[in-house]
Each structure stands twice: as C-alpha cells, then as structure tokens.
Number of protein chains: 2
Amino acid sequence: MAKPTVSLPQGTRDFGPDIVRKRQYIFTTIRTAFELYGFQPLETPAMENLETLMGKYGEEGDKLIFKILNNGLDKKEQLAREEFEKILQGRNTKAITERALKYDLTIPFARYVAMNQGQLSFPFKRYQIQPVWRADKPQKGRYREFYQCDADVVGSTSLLNEVELATLYAEVFNQLGVPVDIKINNRKILAALAEVCGGPDKMTAITVAIDKLDKIGLAKVEAELSEKGLDQQQVSIIRQYLEITGTNREKLARVKELLGKTETGEAGIRELETVLDYFDPSMQAPPLLIDFTLARGLNYYTGIIFEVKARNVQMGSVGGGGRYDDLTGLFGVPGIPGVGISFGVDRIYDVMDELQLFPADVQMGSQVLFFNLGEQESKTAFTLLQQLRAGNTRAELYHENSKFDKQFKYAEKKNIPYIVIIGTKELAEKTCVVKDLRNGKQISLPLEELLNFSFL
Amino acid sequence: MAKPTVSLPQGTRDFGPDIVRKRQYIFTTIRTAFELYGFQPLETPAMENLETLMGKYGEEGDKLIFKILNNGLDKKEQLAREEFEKILQGRNTKAITERALKYDLTIPFARYVAMNQGQLSFPFKRYQIQPVWRADKPQKGRYREFYQCDADVVGSTSLLNEVELATLYAEVFNQLGVPVDIKINNRKILAALAEVCGGPDKMTAITVAIDKLDKIGLAKVEAELSEKGLDQQQVSIIRQYLEITGTNREKLARVKELLGKTETGEAGIRELETVLDYFDPSMQAPPLLIDFTLARGLNYYTGIIFEVKARNVQMGSVGGGGRYDDLTGLFGVPGIPGVGISFGVDRIYDVMDELQLFPADVQMGSQVLFFNLGEQESKTAFTLLQQLRAGNTRAELYHENSKFDKQFKYAEKKNIPYIVIIGTKELAEKTCVVKDLRNGKQISLPLEELLNFSFL
C-alpha cells in the first residue's frame, strides 16, 4: 500500500463517520433542549479582528491566540519588515496580522451584542455551538481545535434565568443518560466569607485557595490562606464553611448562621433559596446540589455559579457557568448583565464512550444494502431503493456486479445490518431475500412487501 | 445608545437566529438526503499544514490561502527575521507559518483518504458540510468565510454512482422546492470534439472557449477558437456541436452522427445513455437535461459532469460536480478515481429567500410565551412550561413580572405566535388564556387542557 506523504497539524483531528455520528447525537440533544427553552441560534465567524480578542484572556491567553498572517505582504516590503520587529517583541501589528481565530464563544458573543444591541430584544437568549482554537500544547484530551457549546441570557437580572439554566442542565444530562451532579453556589456567599475573614480584598485569595480544595486538600488550603495573611480565627471560619454538609436545606441553615448577618451573605443565600424553590422537585435525577466549596476560577462571575460533574468516572467537570455583571462593557456598551452555561462536549463524548451510553442506532449508517447481481436485477433494485429512500430508509445499491463475498464484506465493514438479494430467480418470481447480518436470519418476501419491512 | 468600538473582519458574517434557522433548514435537507443515499459524514479541521494546501489551486489560489502565523516567534528572533524575507518574496516558510485555513473540502478529503486508505472500505462515500476560507476581495455574494457542501464516492468507476448523484440532486432541489435544471455532459465527448477538431492538445482551448458561451455568445466563441488556430471546418463542427437541440434522445442521436465514430466519443455517449437509462423516469421534476455546451472549468474532471441552474432567477449555478480520475495521487497514493457533487449553499439560500420558499415554521423560534404576572402565577406557569417542553413544545416564561405591554412587545419582537396568560383570576379558577398573536383570537382553557393544545 502506498504511503501517504501528508499529515494533520498537531492538536487537530479528523472526525470519521462513526465519531461524527456520535458527536452529532450529543449536539442535537443539546441543541433541541436549548430551543425548547427559548434560546436562539447564533453563529459568528471563525476569525475576528485581532484587536477584538487581544487583552481579553490575560497574558497567557493572548499568547495562545492563533493569529492570521496578512496576505500580500510582499507589496509593502519595507513597512512589513519594520513592523515585523513588533511581532518579534511579542507584540502585534495590523500590518502583519489583523485577524485571529476565535479563542472562545463569549467574546465573539459580547462583540455581537455590542454591535447589534439596537436590533436585539432583551432579554436576549442565544446559544452557540462552534469550534474555537487555542495554540496550547497538545496533550491527551487537549486539542488546538475543539467545540464549545454555550447558552447565555443577557439583559436580565431575574433569577428565573438561573432556574431555567439549572433545569436545562438536568434535562440534557438526563436525556443523554450521563449520571451527573449539578453543583450550585453563589459568588456573593464567597464575597461574604471574604468580608467576614479579612475583608473584600481577600476575596481573590480565598477563592483561588478554595478552588484548589479538590486537588490539594483542606490542610494545604488552610496553609495557603495563612500565608496570604489570614489569622487563625479567620482560617477557622473558612474551615467551618468548607466542612458544611447535609441536605441543601441543612447547608443553607448552617451557612446562614455563619454568614447570614452580612448583607451580601444574606442576598446570596436568598438567591440560592429562590432557585432551589423553583427547581422542579418532581424532576427526575440529576439533582441540584449546593456545594459551598465550588468557587470557579473565572473572576468575572458575580452571582450564582454552576458546575456539572460526571459520576462514576475520572473526569473533570462536563459543564459550568454562572452570572456575570457586565458582558459588553469591554466594547463600550455598559450595563448588560447576564448568566450563561457551557457544555464540555469533548468530555461528555469521552464519558459516554467509556460508559457505553450511545444508543445503538446512532452508530448505524445505511440500514440496508441491495446486492448488485446483474443489469436487470440492479435496475429492479434501484427502483425499490428509491421507494425505500422516499420512506426515509437509508439504503444503498452495491456499485457493481461483483462476487457475493465482496458485497458481503462491504456491508459488514460498513456495519450495514440488512442486505437485500434480488438474483435471476427472485427477479422471475418477483421476490427478494432479506437477510439480517447481525443474526444471520433470512426471509423471502414478495417485492411489494419489502416497502413495509422495518429495517431496524 | 452607546456606540460599540468593535467590528467584524471584512468578508465575514454573523448569522443571527433567523438566518441560522433558514440555513439549517437547507443543511438538514441536504444532509438527510446524503444519508438516505448511503453517504457518511466526515469532518476535517479548519487548519491544514500549509504544505498540504500549497500548489493545489494554481498560482492565484495559493495567494488566496489564509496562512496562520506561528506563535512564539520572539523566542527564535534571528531565524524568524531571516525567514521573514521569504514571506516578503511571496514564498512560504515553516519557520513563520506552518498552518493555513482550508481553501476547499476536496484537498482535505484527498488528504484524509490518503492517510486512512487502510481503514476505509471502498467505495468510500463521504459527505462534508463545513466552512472554508479564501482571502478573496469581498464583494456582493462573495465572502472570505463560506460553507461548502460536498458528496463524493471514491474507489469506484461504476456509473451507478453518477446515477445516484444525479438522483440526489433531483431529490434535494425537489424537497427544497427550488425550480432547477440539472444539466449533464461528458468530458469524453468534449475530448472527442477536440480529437475531431485539431487534436487532443486543443482540448483545453476548446473547453475554455465553450465555457464562456453563456457570457460572450457563439460568435465570440468562434472568434476565440479561430485565434487558437482552429480552421474554418473545425470551427464549423464546433458550431454544429453547440447548436444541437431537442430532447435528450434527439441530442444523443445528433452527437452520435458528429462524434460517435471516435472511440472516446462513443464511450462518452454510452455513459450518458446509461445514466439517463437508470435515472428514474417516474421521478418528478427537476429533469436531467443533456447540455453539450456544459464544459466546467476545472481541469481535473475526466468523465460525466453536472451543473445545476436555478430557473426564474438571475443566479449562477447552485451546484456542480463530475468524475475525476485520481483523487489522492497528489499525496503519493495513486489509483483512486471518484465522482462528486457540490451544493452552493449561499446561492441556494439567496434563491430561496428571493422566491420566498422557506416554510413558515422554519422561521419560528419559541412557539409560546407564558406571561409572568406574580410569584404564584409564575410558579404555576413554570410547571406547565416544563410539561409542554417535555412534549417538545418550544416554550418560554417571561423573565420578570413586568407590565403587560412589555411582555407583549417581547413576544412580538421575537415572533412568538402564542401567549399564555395566567393572572390572579385564572389562578383561582385553574384556567388560562391562550392568545394567537397572528390573528388576535383568544380562548380560555382549563389548565390541564393546555397540554393538548396545538401551538402551530
């Protein structure tokens, strides 16, 4: 076999038929739920102006943005040579690169809302399922091109949005059959904790430390907090906070004792109570669980935060989100608050693959292959094929009159469950043989009955 | 209203909810047809190694490829400075750019087949619906990011594939309701024409001239052919060829007289006859029409070629394709012939928009909005909402208890056809008011009957 002379860029993937089908199943489930909940689809281009993206993801993020080289530099040789020095200093210049690949879906969404605010009706509920690109070091489970899958409501401070998003999470994971816990907390409660333990300027230190709890354990979190200047008593309050257990109601009662006297704490607790109160108690698992240890790294969250963890597998979170105060301020349009959630599609795929949760029919391409056994035979087959397709059966006719073996092998390799055989004898008798390759069973049918056969 | 400080890169577009929905309708129709015909989905990354793409699209094409700037150039300053000189000479260097955005779906498909030939079962039938990027001068109807939508069969020379693809075209345009002519010709017949008129080396000149017939007319085509060295008698044969009219059968008979004596001509005619013979005569319009003036610019076609033209609108072709001899030879894997077709999705969209062919329900987002008229009222609404969603009705609850007017306006602006009102009176009586905003009609219903209401 000839050896190909090409390869794929590092950190990118081809998705062959089986994988596309399984991914589509996840996307379709999520998209359908988004639409049932009144979210509208939005698509933004792969590329944005570089200046739209730069400075939005921190210094590390900036370095991971894929920049696109301008075409036609040879026409502005001298300028380009000068400006290239800026690139070599790690800076940017429109003369060399004015466009870049999008790094996430949030900034393009903010850009869209800022540009179209006059035409949109608020609250604006949009979802977006598109690839993003990061020049990160590729490793297992981390790619340079991957999909994000976000739903956001902007222009509303109502907690009903949080209720809807929590319910949406529950509905999607329920439908996918992925066992998860949906965790919920409130940045306001963390702010109250900071207020009680050293003042608001300790908020970041406390959040960062708590965020590591899973990885480093309570003792090291406490050590880190002491290092950051918290005294014994303050660290002790944080320990009490992190050790709160019980049902949602018990946890709320406990945190109320600890932080309910602060205004922020009280507001945060009331928000959680409202969301839990609306969240349909009759809803099947997965449940909505208060987890006061949930912090979420991103600094821009200001209210309720979510995280979804898959049960029974070693895997980071498969979803997360929260409320933020100001989406479009970066682009000169202040005062648009919002709340959003995101699905980690690659991880959901891995969990579903590991736990074998994909329904069998998702993995099926064509349902039936007609054998090709001669010109007249194949013409008859072709007519039947068209009638089956008209009835939404995915069907093929083998492309040429080859040996039985070869046609069998094609069906097997393509994982086609049924074959239909129309040979000379069948043609004369106006019948056909239908064989289920999964169990080897076959039956003979009059041609006209084939159209009512269920190829499942 | 605050003025945003951002813009989109030239030649790219945001697709808001209404447009995404209409585009999805086209994609879904095509995708469903592809799958009914046994084509399997494939997705390749947005970026390819630059060397995979360069030199595949001619000199002009190379210039239109979006190249991606390497990150971390500042770490290799001296090398980068030297290598940048190559870029300034219009050449490429991996030290500055090793990746690029894909320019079409054909070369990535060829790369995929070359890399995975051992795992694929031939004939391999794949479809691919993805964006591509070209650094072309943006103008009306020409974008720098646009979708292509291709289906190809490789590893088979059987004409059944051509039959299937012609039928697929007919089926898709029939379902979309777009009136079209599907034109068919054969490069072998054009080769025979060249053979008879000046020899095989005149093939390109003749094809190029014929390809302009639509734009410049017969007289100028003849002039161009004379310029290229064809004598009066040869030009006269080409005129006779181009003036062939009648039904498919009449055209075939006429071309047989003209070119049927050459071996290539005879083969080409026989192939057309076979395809027409299989093409289901009972199939509704659109018809498959022989058009001997069809040439298709691309040099790599070697057999039957297709082009689809929309009727009743000023618009170029909305689809095209044909057979080629060697897909993967460029990548060191020879001997894989194929045939493929492509849908021009942006143009199909424009035609459907102009002729108002999109079904009304494609343009509908949420089907029903529940008014929010107080805490108890909205809790009842929320429960009903969840039940409707469980039955696949796309439904929303207005996010806060605002004035009637504001909630009405939201429904109208979002084009939501139904509103459901549950106020104090309704809550007490366990009823609700359902109003169809399109005709202003409203009825009162017991709450439990709402779940059986048809929100269409």
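Procedures and definitions
Residues numbered from 1 in each chain as written. Chains lettered and ligands numbered in written order. Predicted model: local features only at pLDDT ≥ 70, side-chain atom pairs only at ≥ 80, totals over all residues. Heavy atoms only, no water. Contact = heavy atoms within 4.5 Å. Buried area = accessible area lost by both parts, 1.4 Å probe. Salt bridge = Lys/Arg side-chain N within 4 Å of Asp/Glu carboxyl O. Least-squares fit on C-alpha atoms with pLDDT ≥ 70 in both. pLDDT = per-residue confidence, 0-100. Helix = DSSP H or I, 4+ residues; strand = E, 2+ residues; numbered from the N terminus. Buried < 20%, exposed > 50% of the residue type's maximum accessible area, 1.4 Å probe, protein only. Pairing = 2+ DSSP bridges.

**Considering the interface of chain B and chain A**
Frequently, the measure chosen for interface size is the accessible area that the parts lose on association. Each partner contributes to the interface: chain B provides 115 residues, whereas chain A provides 115 residues. Around 9,500 Å² of area is buried between chain B and chain A when both sides are counted, 58% of it from carbon and sulfur atoms. The largest contributions to the chain B side of the interface with chain A come from L36, E43 and H399 of chain B, which together make up 7% of the buried area. Counting across the chain B and chain A interface gives 10 salt bridges.

**What to know about the relation of the copies chain B and chain A**
Once chain B is rotated about the relating axis by 180° and shifted along it by 0.0 Å, it coincides with chain A to within an RMSD of 0.0 Å. In symmetry terms, the pair is related by a two-fold rotation axis. Considering only C-alpha atoms, the part of chain B nearest the rotation axis is I68 of chain B, at 2.2 Å. The overlap is high: 100% of the interface residues of chain B also sit at the interface in chain A, so the same surface is used on both sides.

**Section: the confidence of the model for chain A**
Detailed conclusions should not be drawn from predicted coordinates in areas where pLDDT is low. Per-residue confidence for chain A averages 93 on the pLDDT scale, and 98% of its residues sit at or above 70. Across the assembled chains, the prediction reports ipTM 0.93 with pTM 0.94.

**Side note on the pattern of salt bridges**
All names here are of chain A. In this structure the tally under the stated criterion is 63 salt bridges over all chains. A salt bridge links K309 to D214; its shortest N-O distance comes to 3.7 Å. Of this pair, K309 sits in strand β9 (residues 301-310) while D214 sits in helix α9 (residues 213-227), and the two are 95 residues apart along the sequence. D214 gets classed as exposed once you look at its relative accessible area, which sits at 66%.

**Looking at helix α8 (residues 203-211) of chain B**
Taken together, the buried positions of α8 of chain B are M203, A205, I206, T207, A209 and I210 of chain B. Residues of α8 of chain B that are buried in the fold lie against α7 (187-196), α9 (213-227) and α10 (232-242) of chain B.

**Here's the deal with the pairing of strand β16 (residues 442-446) of chain A**
Residues and elements named next belong to chain A. One ladder, built from 5 bridges, connects strand β15 (residues 431-436) with β16; its direction is antiparallel. The residue of β16 that forms the bridge with V434 is I443. Between the end of β15 and the start of β16, which pair antiparallel, lie 5 residues, with G440 showing a positive phi angle near 80°.

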